[in-house]
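# What the coordinates show
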Amino acid sequence: MDRIKELRQRIDKVNQQILKLLNERAQIALEIGLEKRKSGHAMYDPIREKEILDSILKENQGPFSNEVIAYLFKEIFKATLALQKDEFINNLKISRKYQNEDTLIKIKGEIIGGSNTTYIFGPCSIESVEQLEEVAKLLVNKGLKFIRGGAYKPRTSPYDFQGLGFTGVKIMTEITDKSNLISVIEVLNEKQLEEAYDYIDIIQIGSRNMDNFSLLRSVGQTNKPVILKRGYSSTIEEFKLAAEYIVSEGNQQVILCERGIRTFETATRNTLDISAIPILKKETHLPVIVDVSHAAGRKDIMTLLAKASLAANCNGIMAEIHPNPFVALSDSHQQMNFAEFESFYQALIE
Ligand SMILES: [Mn+2]
């Protein structure tokens, strides 16, 4: 019995040493990770891993077989890579670990983020002065502050209405100047960004452009707020890294917008990823809003989707409204008319 006790004490001591060595190894690996990131090298290096393993196995004298030793070390490599990745994600400038306080975006006396709920409504496309004016009037009557409207439209088909372009931007400015509303306009490329920059209050980067990294860098070099929509086939991590592109250039005024992702489901245009809201809020310090129109692609469930998003703690809701959706030049089936909007908005604020 004494013999077992003594052996167990020896095992305990060895365990302590292994623990210490594992963490020492992890610490060194984190430093290597940091150096690799600085020089732009990939975290995972299969050739180096094979070299390490070969040299370990050459020294192996048992009683563990080479297979068992290889298995154990591969687990250590895996855990180390995961640790390096965690460290990398936590060190992003958008990370909650990097900055604990919520980013507040101040624009024309309004604050987006924190405990504020921001409502951004407007037509899919700017079609005429009259159309946008009607929408603006409705919003002002409701005490709302933001208006959206597409001037440059990213359409699935090149033969669909492509938006009024710069003319649309000027219509928006004319109306926001009069109504004191804050405009949200999407740009598709650097040329449009340059052309429309002085006229726009908030720049929108659409879902199809979420991984247009040169455009992300360009808006990152401006000092206007940016609504970044999640790519419809992007993971949350890819979405976060796209935001990091903007913030890493110096512009921290990024608003993340969940707008549904592509799944096998066909009952909705996209599948609204409600889980993304609390995850993004937890892992980043940026405001998170939800575009329910493009997520659903249908009006009958929009109120409930917006309520669910607010319940999941998002910082705002975006939706499309049009004075006469039947004749809208784009997304006609998903834009709410004013009566529908009335009950939608009422349900959200009551
Ligand atoms: Mn639309």
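Note that this is a predicted model, so its numbers are computed, not measured.

Basis of the calculations
- Residues numbered from 1 in each chain as written.
- Predicted model: local features only at pLDDT ≥ 70, side-chain atom pairs only at ≥ 80, totals over all residues.
- Helix = DSSP H or I, 4+ residues; strand = E, 2+ residues; numbered from the N terminus.
- Rg over C-alpha atoms; globule rule 2.2 N^0.38 Å.
- Buried ≥ 20, exposed ≤ 12 C-beta atoms within 10 Å, placed from the backbone.
- Contact = placed C-beta atoms within 7 Å.
- Expected span 1.5 Å × (residues − 1).
- Arc of directions from axis to C-beta.
- Pairing = 2+ DSSP bridges.
- Axes fitted to C-alpha atoms, helices over the stretch in contact; angles between N-to-C directions.
- Domains from an automatic or database assignment.
- Core = buried A, V, L, I, M, F, W, Y, C linked by C-beta atoms within 7 Å.
- Right-handed = clockwise from strand over helix to strand, strands pointing away.
- Left-handed = near helix turned anticlockwise from the far one by under 90°.
- Nonpolar A, V, L, I, M, F, W, Y, C, P; charged D, E, K, R; others polar.

### Quick notes on the overall build of the protein chain
Broken down by element type, the protein chain carries 12 helices and 10 strands. The C-alpha radius of gyration computed for the protein chain amounts to 26 Å, which surpasses the reference 20 Å derived for 350 residues by more than 25%, pointing to a less compact arrangement than a globule. C-alpha atoms of the protein chain, sized along the principal axes, occupy 90 × 45 × 40 Å. Scored against the burial criterion, the 350 residues of the protein chain give a buried share of 37%. Pairs at least 24 residues apart make up 65% of the contacts formed inside the protein chain by residues separated by at least 6 positions.

### Describing helix H5 (residues 166–179)
The terminal C-alpha atoms of H5, which comprises 14 residues, lie 20 Å apart, in line with the 20 Å expected from a rise of 1.5 Å per residue. Taken residue by residue, H5 has Gly 168, Val 169, Ile 171, Met 172, Ile 175 and Thr 176 as its buried positions. Looking down the long axis of H5, one finds its buried residues gathered within 160 degrees of arc, a one-sided arrangement. Turned more than 90 degrees off the buried face of H5, the exposed positions are Thr 167, Asp 177 and Lys 178. Buried residues along H5 sit against helix H4 (129–141), strand E4 (146–148), strand E5 (182–186) and helix H6 (190–196). Once H5 ends, the next one or two residues include Asn 180, with phi positive near 65 degrees.

### Structural notes on the sheet that holds E4
Judged by pairing direction, the barrel is parallel, and its 8 strands sit side by side in the order E3-E4-E5-E6-E7-E8-E9-E10 before closing back on the first. The mean inter-strand angle of the sheet, taken between neighbouring strand axes irrespective of direction, is 25 degrees. Here strand E9 (residues 288–291) runs beside strand E10 (residues 316–320); their pairing, made up of 3 bridges, is parallel. Opposite Val 290, over in E10, you have Ile 317 as the bridge partner. Across the sheet, helix H8 (residues 236–248) is in contact with strand E7 (226–229) and strand E8 (254–258); its angle to E8 comes to roughly 160 degrees.

### Details of the domain arrangement of the protein chain
Interface size is commonly expressed as the accessible area that is lost once the parts come together. Segmenting the protein chain into domains produces domain 1 (2–90) and domain 2 (105–349). When each unit is reduced to the centre of its C-alpha atoms, the spacing between domain 1 and domain 2 is 47 Å.

### Regarding the nonpolar core
Residues Leu 228, Ala 243, Ile 255 and Leu 256 are the most contacted members of the largest nonpolar core, which totals 70 residues. Of all the elements, H8 adds the most residues to this core, at 6 residues. The residues contacting Ala 243, other than those within four sequence positions of it, are Ile 94, Leu 228, Val 254, Leu 256 and Leu 286.

### Quick notes on the pairing of strand E3 (residues 118–122)
With 4 of its 5 residues buried, E3 lies for the most part within the structure. Sheet topology note: the E3/E10 ladder contains 5 bridges and is parallel. Paired with Gly 122 across the bridge in E10 is Glu 320. In the sheet, E3 pairs with E4 via 2 bridges, with the strands oriented parallel. Pairing of Ile 120 across the sheet is with Phe 146, part of E4. Taken together, E3, H4 and E4 form a β-α-β motif whose crossover is right-handed.

### Here's the deal with the packing of helix H2 (residues 46–59) against helix H3 (residues 66–90)
Any two packed helices are characterised by how steeply their axes cross, that is the angle between the axes, and by the distance between the axes. Interhelical geometry of H2 versus H3 gives an angle of 140 degrees and a closest axis separation of 10 Å. The crossing of H2 and H3 is right-handed. Where H2 abuts H3, its residues Glu 49, Leu 53, Ile 56 and Leu 57 lie against Asn 66, Ile 69, Ala 70, Phe 73 and Phe 77. Partitioning the contact of H2 with H3 into residue classes produces 7 nonpolar, 1 polar and 1 charged.

### Observations regarding unusual backbone geometry
In terms of backbone geometry, most residues other than glycine have negative phi values and most peptide bonds are trans. Pro 63 follows Gly 62 through a cis peptide bond whose omega is 10 degrees. Turning to its location among the elements, Pro 63 is positioned in the loop between H2 and H3. At Asn 180, a residue that is not glycine, the phi angle is positive and equals roughly 65 degrees. Tracing the backbone through its elements, the reader meets Asn 180 in the loop between H5 and E5. We classify Asn 180 as exposed; it has 11 C-beta atoms within 10 Å.

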